[in-house]
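Residues per chain, in single letters:
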Amino acid sequence: MIRLICIIFLLLPFTSCKSDKGRGLVTKNAMVVSAREEASKIGISILKQGGNAFDAMVATELALAVAYPIAGNLGGGGFMVYRKNNGDTGTLDYREKAPINATTNMYLDKEGEVITEKSRFGALAVGVPGTVAGIFAAHEKYGSLPIENIIQPVIELAKRGVVVTEKQEKAIKHNQSYFLKVNKDSIIFNKPWKAGDTIKHVQLANTLSRLMEYGKNEFYIGEIAEKLIKHIQDHGGIITKEDLAQYEPKWRKPITFTYDNLKITSISPPSSGGICLAQIMKMIEPFDLEEFKHNSTKYVQVLTEAERRSYADRSFYLGDPDFISIPTNELINNEYLKERMRTFSFEKATLSSDVSYGNIEIVESNETTHYSIVDSFGNAVSVTTTLNGAYGSKLYCNELGFFLNNEMDDFSSKPGAPNMYGLVGAQANKILPEKRMLSSMTPTIIEKDNKLYMVLGTPGGSTIITSVLQTILNVHEHNMTMQEAVNAPRFHHQWLPDYIRIEPNSFNNNTIEELQVLGYSVNEKKAGAIGKVDGILVLEDESLEGGADYRGDDTAVGF
């Protein structure tokens with residue numbers, strides 16, 4: 001019935017649909033898949049006006065700040081991977097930075113132990129936001145529509161309000177105690193919101209209006225900047241006017257590699273996503289995965305052991321490339337990765353205690369959000385953006401109408417100590433002034449036979465890389481549709497802690513038992529939902545299939 005409804009909707013000016021199984025929404029010209037229907041619709045409205053994927057990126061990102069404030073943001077940062085219709089690819093890094101006054105030991109007590117709450121809650125956890133600079137940079141370089149055409153629909157959305165979903169109601173309730181703890185004044189999210197209620201964002205609409213009128217500088221050196229700095233410092237933060245004024249996004253060279261007949265373009269450091277994805281896929285490529293049943297014992301083993309080794313390298317080698325030297329070519333070298341897998345055996349598990357970083361010279365939030373866009377001209381963007389934790393630092397600026405990130409927790413507060421998501425870091429990711437913190441975000445674009453094939457990404461903290469990996473393999477190795485690939489049960493391993501996380505009640509009990517006999521620790525209790533993948537697959541007739549993850553309120557819209 002759902003597929004029938006989707007087919008009928010194809011006759012309408014634009015369509016949106018969530019499919020529980022089988023083929024997702026299919027459209028001919030363009031598509032946006034994001035965490036909220038309101039954002040996807042605004043992105044598509046820009047494309048219907050003749051805008052391109054970069055115009056739609058700005059609109060979708062800002063709309064997510066309105067409709068999905070748990071992760072959509074003005075007060076955070078992110079990464080974009082793009083592929084233009086002529087085949088050119090690139091990335092934009094608008095990751096947050098440590099403040100100028102940040103210090104390596106700023107979250108340690110007198111005994112040198114980590115004070116975890118200091119990097120997770122409140123103004124001291126806030127990194128210098130990059131989102132506004134990022135979207136304006138993308139529009140300035142590649143956009144085609146006037147910025148007024150792009151932002152005005154988002155302002156109207158903020159004014160008329162967004163309907164609370166059941167998932168959103170639960171998220172707000174769960175975090176209200178933190179809102180009360182962090183903020184001096186009551187905020188709009190402290191009210192007893194119920195599913196079906198409408199939240200109007202008047203202050204955010206005013207902020208967006210000023211951005212539309214005065215541009216990026218309004219956020220970094222204008223009136224918004226002054227209000228933002230005062231709010232942060234009044235709550236004990238250390239970000240200054242100089243921090244905002246000096247912030248710049250960076251265009252970087254992507255991580256590009258091949259897997260079978262696919263060309264994969266992903267994000268480069270300071271995100272670990274591209275390098276880790278390349279490492280894992282190159283380590284598993286020699287194995288005939290098609291022969292292994294999906295999520296079978298051997299399939300889980302191969303992926304787990306490759307993931308274990310890649311995350312060990314991640315912890316030691318990766319960080320901000322403007323501050324450290326990263327041996328990228330060595331880390332994704334075929335011979336190096338072949339050697340890394342030499343100790344793997346189907347007969348028993350490798351212990352993470354026996355796997356260190358490789359012999360060469362040299363946690364992140366589950367509440368990130370991702371969106372994928374393909375326009376009618378054949379351009380594609382894959383964007384992952386975040387506040388880090390759910391509602392970031394929980395610090396909300398009433399006057400401006402948005403939350404601020406707690407991205408400082410993604411640094412290694414102390415080498416060897418795990419962050420809030422269990423990721424262990426080393427000196428490469430230590431806190432330094434103006435440094436960008438390491439990320440797991442993995443916005444990715446795939447080509448097949450020199451043509452656009454897939455656009456995808458996901459939130460999920462440390463599980464982002466493995467969720468993107470499995471979704472690609474689901475399509476390529478297991479012949480799934482994009483919607484089936486997104487919906488399929490997922491698992492995850494990240495070196496430390498040394499267990500396989502699997503989504504509850506989704507794996508064959510015999511498989512779990514077989515893995516345990518082989519020496520693997522399997523954990524269903526701490527897994528929950530792994531990722532919320534939003535992807536687009538280009539079909540053989542060049543139409544587009546959207547995969548919108550059922551784990552969230554994610555929705556594909558197209559025409």
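Residues numbered from 1 in each chain as written. Predicted model: local features only at pLDDT ≥ 70, side-chain atom pairs only at ≥ 80, totals over all residues. Heavy atoms only, no water.

If you look the protein up in an unreviewed UniProt entry, it shows as Glutathione hydrolase proenzyme from Seonamhaeicola maritimus. Quoted verbatim from the Pathway (unreviewed entry) field of the UniProt record, the comment on the protein reads "Sulfur metabolism; glutathione metabolism." (UniProt positions renumbered as here; feature names shortened; annotations may be inferred.)

(A) Examining the pairing of strand S10 (residues 262-266) more closely. Counting buried positions along S10 gives 4 out of 5 residues, so the element sits mostly inside the fold. Count of turn residues in the strand S9 (residues 255-259)/S10 antiparallel hairpin: 2 residues, of which Asp260 carries a positive phi of about 50°. Across 5 bridges, S10 lies against strand S15 (residues 444-448) in antiparallel orientation. Considered in S15, the bridge of Ile264 is made with Ile446. (Buried < 20%, exposed > 50% of the residue type's maximum accessible area, 1.4 Å probe, protein only. Helix = DSSP H or I, 4+ residues; strand = E, 2+ residues; numbered from the N terminus. Pairing = 2+ DSSP bridges.)

(B) Quick peek at the sheet that holds strand S19 (residues 522-523). If you trace the 3 strands from one edge of the open sheet to the other, you get S17-S18-S19, paired in mixed fashion. Looking at strand neighbours, the two that pair on one side only are strand S17 (491-492) and S19, the edges of this open sheet. Pairing of strand S18 (residues 500-502) with S19 involves 2 bridges; the strand directions are parallel. Each bridged residue has a counterpart across the sheet, and for Ile500 the counterpart in S19 is Val522.

(C) Broad picture of the environment of Tyr336. By secondary structure assignment, the location of Tyr336 is in helix H14 (residues 334-340). Between the C-alpha atom of Tyr336 and that of Asp55, which follows or precedes it by 281 residues, the distance is 41 Å.

(D) The pattern of salt bridges, seen in detail. The final tally for this structure, using the stated rule, is 29 salt bridges. Between Arg210 and Glu223 there is a salt bridge, with the nearest N and O atoms lying 3.5 Å from each other. Of this pair, Arg210 sits in helix H7 (residues 202-214) while Glu223 sits in helix H9 (residues 223-234), and the two are 13 residues apart along the sequence. Arg210 sits in the partly exposed class, given a relative accessible area of 26%. Of the charged contacts in the structure, one is a salt bridge between Arg551 and Asp549, with a shortest N-O distance of 2.9 Å. Note on accessibility: Arg551 and Asp549 belong to one class, buried. Each of the salt bridges in this network shares a partner with another, and the network as a whole consists of Asp93, Lys250, Arg252, Asp322 and Arg436. (Salt bridge = Lys/Arg side-chain N within 4 Å of Asp/Glu carboxyl O.)

(E) Quick peek at the pairing of strand S5 (residues 89-94). Counting buried positions over the 6 residues of S5 gives 5, a clear majority of the element. Both strand S4 (residues 77-83) and S5 contribute to a ladder of 6 bridges, which runs antiparallel. Bridging from a neighbouring strand, Met80 pairs with Leu92 of S5. When S5 meets strand S8 (residues 250-252), the two strands line up antiparallel, connected through 3 bridges. Bridged to Leu92 within S8 is Trp251.

(F) Main features of a negative patch on the surface. A contiguous patch of negative charge, built from Asp260, Asp288, Glu290 and Glu291, is present on the exposed surface. Structurally, Glu291 is set in the loop between helix H11 (273-284) and helix H12 (297-317). Classification of Glu291 as exposed rests on a relative accessible area of 65%. (Patch = residues over 30% accessible without salt bridge, like charges linked within 9 Å, V, L, I, M, F, W, Y side chains within 5 Å. Areas by Shrake-Rupley, 256 points an atom, 1.4 Å probe, with all protein chains shown as cover. Lys, Arg positive; Asp, Glu negative; His and termini not counted. Charge placed at Lys NZ, Arg CZ, Asp CG, Glu CD.)

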